[in-house]
Amino acid sequence: MQVYEIGQRGGIDGLKLTERPTPKPGPGQVLLRMRAASLNYRDLIIANGGLGYAAGSRIPLSDGAGDVVEVGAGVTRVRAGDRVAPIFTQSWLGGEIGRHLPTALGGDIDGVLAQYVVLDADGLVHYPGHLAYEEAAALPCAAVTAWSALITLGQLRAGETVLVMGTGGVSIFALQFARMTGARVIATSSSDAKLARLGGLGAAELINYRTTPEWGKRAAELTGGRGVDHVVEVGGAGTLANSLAAVRPGGRISLIGLLTGFGGEFNPIPILLKSICFQGIRVGSRDMFEAMNSAIETAQLRPVIDRTFDFAEAPAAYRYLESGVHFGKVCIRI
Ligand SMILES: NC(=O)c1ccc[n+]([C@@H]2O[C@H](COP(=O)([O-])OP(=O)(O)OC[C@H]3O[C@@H](n4cnc5c(N)ncnc54)[C@H](OP(=O)(O)O)[C@@H]3O)[C@@H](O)[C@H]2O)c1
């Protein structure tokens, strides 16, 4: 079978198509024919040696969808022919974070950019039947992260206001889940053309963060000065001052991403003065993924896929994500 391997330090140039024997499922395991994968910003970070994973080659990417081909002894959770998606942290099935093993796909362990993979049956979920493979492959990291931030931990309610930043995978799922819940969305982007598309997805207010450097203040003004209830923070230290300006007293910031870089300083005083709930997010558990899938099925929600590349074009998919021109998810057909 064909798989990609990537050195976790060598950049996108380190991505190589190679042959490996097709694996066999052991007891409790499942052989999957992968049909699609999707990229996350994390996959660029890993290729460039970030996130502290061990150096060396690994099959990349955490997010995919495929067909069950064969099950090992004792597997009852799935059957041959089922369409499934792997969960991001294979050992985090439910409960609090921190009690699971280092089993994040495409980082701690081999990922899904391969024709076949073997995984524990416990690490798979059935996904909503209306979704194509690429759409299902968009869910495990970006969608579960947005779900965990806004719904599981954020307890978002209809009528509340959510601020989402940029037009990447996490932010667009956050917009969709917020709209699904009946919340109002204020969305930002560096591009007016992308802002128009965010409006089409139901964002009520649109701010270009390039031309409005004080976009946090502007977001607060757009709530009549009260401030937004939730901020889905994907920028990190470089955007936190604006997020803190945007959020209402007693509101919530979900710290998810570091698009402005790993370092940097910000003034934490507004956190205490405004009595803000500041929550870190690390994707989510299988339980969260399954709850999210039920909601997606009920709402017949469809992930926003920007572009799908062929398996042979995986390096081009990485470069496309790196360029930042995408709107939503970038996928690979396997
Ligand atoms: N903690 C977790 O569990 C978790 C899970 C998933 C992702 N993440 C992190 O969340 C972040 C987003 O991930 P992703 O996969 O959704 O990324 P992505 O799809 O690559 O999205 C990147 C988009 O973010 C926007 N952006 C870039 N710099 C920005 C800035 N300074 N201010 C506002 N927006 C900016 C851009 O949108 P425009 O072109 O519209 O400006 C860009 O297209 C990454 O840092 C990722 O590592 C963390």
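Residues numbered from 1 in each chain as written. Predicted model: local features only at pLDDT ≥ 70, side-chain atom pairs only at ≥ 80, totals over all residues. Heavy atoms only, no water.

K.L.:
Is there a simple way to think about helix α4 (residues 169-181) in this case?
P.N.:
Residue pairs three or four apart in sequence face the same way in an α-helix, which turns once every 3.6 residues. With 13 residues, α4 ought to run about 18 Å at 1.5 Å a step, and its terminal C-alpha atoms sit 18 Å apart, in line with that. Among the 13 residues of α4, 10 are classified as buried, and the element is accordingly described as predominantly covered. Residues of α4 that are buried: G169, V170, S171, I172, F173, A174, L175, Q176, F177 and A178. Positive phi shows up at G182, right after α4, with a value of about 90°. (Helix = DSSP H or I, 4+ residues; strand = E, 2+ residues; numbered from the N terminus. Expected span 1.5 Å × (residues − 1). Buried < 20%, exposed > 50% of the residue type's maximum accessible area, 1.4 Å probe, protein only.)

K.L.:
Please clarify how the packing of aromatic side chains should be interpreted in this entry.
P.N.:
For any pair of aromatic rings, the description rests on two quantities: the centre-to-centre distance and the angle between the ring planes. The full count for this structure, using the stated rule, is five aromatic pairs. Here the aromatic rings of W147 and F177 are separated by 5.3 Å at their centres, their planes lie at 85°, and the arrangement is edge-to-face. On the criterion of sequence distance, the pair formed by W147 in helix α3 (residues 139-152) and F177 in helix α4 is long-range, its members being 30 residues apart. Classification of F177 as buried rests on a relative accessible area of 0%. Ring centres of F266 and F278 lie 6.4 Å apart, and the angle between their planes is 15°; this geometry places the pair in the stacked category. With F266 in the loop between β13 (247-255) and α8 (269-273) and F278 in strand β14 (residues 277-280), this pair connects stretches of sequence that are 12 residues apart. Through a chain of ring-to-ring contacts, the aromatic side chains of W147, F173 and F177 assemble into a single cluster. Positioned over the ring face of F327 is R197, at 4.1 Å from the centre of the ring. In this arrangement the basic side chain of R307 is found over the ring face of Y320, its NZ or CZ atom lying 4.9 Å from the centre. (Phe/Tyr/Trp six-rings, centres within 6.5 Å; stacked < 30°, edge-to-face > 60°. Lys NZ or Arg CZ within 6 Å of the ring centre and 35° of its normal.)

K.L.:
Got a minute to help me understand the layout of surface pockets in this structure?
P.N.:
The gaps left among the atoms become clear once a water-sized probe is rolled over them. By volume, the second largest pocket amounts to about 160 Å³. What lines the second largest pocket is W92, G95, E96, I97, S148, L153, G280, I281, R282, V283 and M288. (1 Å grid on protein atoms, 1.4 Å probe; cavity = no way out; pocket = protein on both sides within 12 Å on 5 of 7 lines; lining within 4 Å. Points joined across faces, edges and corners; volume = space filled by probe spheres on them.)

K.L.:
What should I look at first to understand the packing of α3 against helix α9 (residues 286-299) in this one?
P.N.:
In the contact formed by α3 and α9, the axes pass within 9 Å of each other and the chain directions differ by 90°. Looking at the two axes, α3 sits roughly perpendicular to α9. Seen from α3, the contacting residues are L139, P140, A143, V144, W147, S148 and T152; seen from α9, they are M288, F289, A291, M292, N293, A295 and I296. Per-class residue counts for the contact of α3 with α9 are 11 nonpolar, three polar and no charged. (Axes fitted to C-alpha atoms, helices over the stretch in contact; angles between N-to-C directions. Parallel < 35°, antiparallel > 145°, perpendicular 65-115°, else oblique. Contact = heavy atoms within 4.5 Å. Nonpolar A, V, L, I, M, F, W, Y, C, P; charged D, E, K, R; others polar.)

K.L.:
How do you make sense of the domain arrangement of the protein when you look at a structure like this?
P.N.:
Frequently, the measure chosen for interface size is the accessible area removed from exposure when the parts meet. Under the domain assignment, the protein is made up of domain 1 (2-141 + 284-333) and domain 2 (154-280). Relative placement of domain 1 and domain 2: their C-alpha centres are 27 Å apart. Taken together, the contact between domain 1 and domain 2 spans 20 residues of the former and 14 residues of the latter. Both faces combined, the contact of domain 1 with domain 2 buries some 1,300 Å², and carbon together with sulfur accounts for 76% of it. (Domains from an automatic or database assignment. Buried area = accessible area lost by both parts, 1.4 Å probe.)

K.L.:
Looking at this structure, how should I read the pattern of salt bridges?
P.N.:
Oppositely charged side chains are able to pair whenever their charged atoms sit close together. For the structure on display, the rule yields 18 salt bridges. A salt bridge links E70 to K24; the nearest nitrogen and oxygen atoms lie 3.2 Å apart. One end of the pair, E70, is in strand β5 (residues 63-71); the other, K24, is in the loop between β2 (15-19) and β3 (29-39), with 46 residues separating them in the sequence. As a salt-bridge pair, D43 and R42 come within 3.9 Å of each other at their nearest N and O atoms. Residues D43 and R42 agree in their burial class; the two are buried. Through salt bridges that share partners, E5, R20, R58 and D110 make up one connected network. (Salt bridge = Lys/Arg side-chain N within 4 Å of Asp/Glu carboxyl O.)

K.L.:
Just checking my understanding: could you explain the pairing of strand β9 (residues 161-165) for this structure?
P.N.:
Look at any regular strand and the pattern is simple: side chains alternate between the two faces of the sheet. The element β9 is extensively covered by neighbouring structure, given that five of its five residues are classed as buried. Neither face of β9 is open: one carries T161, L163 and M165, the other V162 and V164, and all of them are buried. Relative to strand β10 (residues 184-189), β9 is paired through five bridges, and the arrangement is parallel. Within the sheet, the bridge partner assigned to V162 lies in β10 and is V185. Pairing analysis gives three bridges linking β9 to strand β12 (residues 228-233), with the strands arranged parallel. (Pairing = 2+ DSSP bridges.)

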